[in-house]
Amino acid sequence: MIDPELRDREQLLAASLTVARAEEIKNLFLTLQAAGVTFFQTLRREPWGARNFIVRDPDGNLLLFAGPAE
């Protein structure tokens, strides 16, 4: 269990979920966006070649979704 104050102050991730293909991460992002999900961080390409986004679940936990950029 993560202390909520520490979690929020340090922006700690509660979970990291990875997909195998670039189109999967984009499709997942678009699906969640169409469903009205509020993003903590929108889909972006990282310098190391990954694409990821972060959502905050109803309990305040940050969930990272990641996949390859290409």
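Structure report, in brief. (Residues numbered from 1 in each chain as written. Predicted model: local features only at pLDDT ≥ 70, side-chain atom pairs only at ≥ 80, totals over all residues. Heavy atoms only, no water.)

## Some points on the packing of aromatic side chains
- Inspection of every chain in the model, using the stated rule, returns four aromatic pairs.
- Centroid distance F29 to F53: 5.3 Å. Interplanar angle 65 degrees. Geometry classified as edge-to-face. Here F29, found in helix 2 (residues 22-34), pairs with F53, found in strand 3 (residues 50-56); they are 24 residues apart in sequence, far enough to count as distant. Like F29, the residue F53 is buried in the burial classification.
- Each ring, one from F53 and one from F65, has its centre 5.1 Å from the other, and the planes form 15 degrees; the classification is stacked. On the criterion of sequence distance, the pair formed by F53 in strand 3 and F65 in strand 4 (residues 62-68) is long-range, its members being 12 residues apart.
- Members of the aromatic cluster, each reached through a chain of ring pairs, are F29, F39, F53 and F65. (Phe/Tyr/Trp six-rings, centres within 6.5 Å; stacked < 30°, edge-to-face > 60°. Helix = DSSP H or I, 4+ residues; strand = E, 2+ residues; numbered from the N terminus. Buried < 20%, exposed > 50% of the residue type's maximum accessible area, 1.4 Å probe, protein only.)

## Brief notes about the environment of F39
- Tracing the backbone through its elements, the reader meets F39 in strand 2 (residues 39-45).
- A residue is classified by how much of its surface remains accessible, and F39, at 17% relative accessible area, is buried.
- Sequence separation between F39 and F29 is 10 residues, and the spatial gap between their C-alpha atoms is 9.5 Å.
- Contacts of F39, omitting those with residues within four sequence positions, involve F29, L32, Q33, F53, I54 and V55. (Contact = heavy atoms within 4.5 Å.)

## Describing the nonpolar core
- Membership of the largest hydrophobic core is limited to eight residues, which are I25, F29, F39, L43, F53, V55, L63 and F65.
- Those elements that place two or more of their residues in this core are helix 2, strand 2, strand 3 and strand 4. (Core = buried A, V, L, I, M, F, W, Y, C linked by side-chain atoms within 4.5 Å.)

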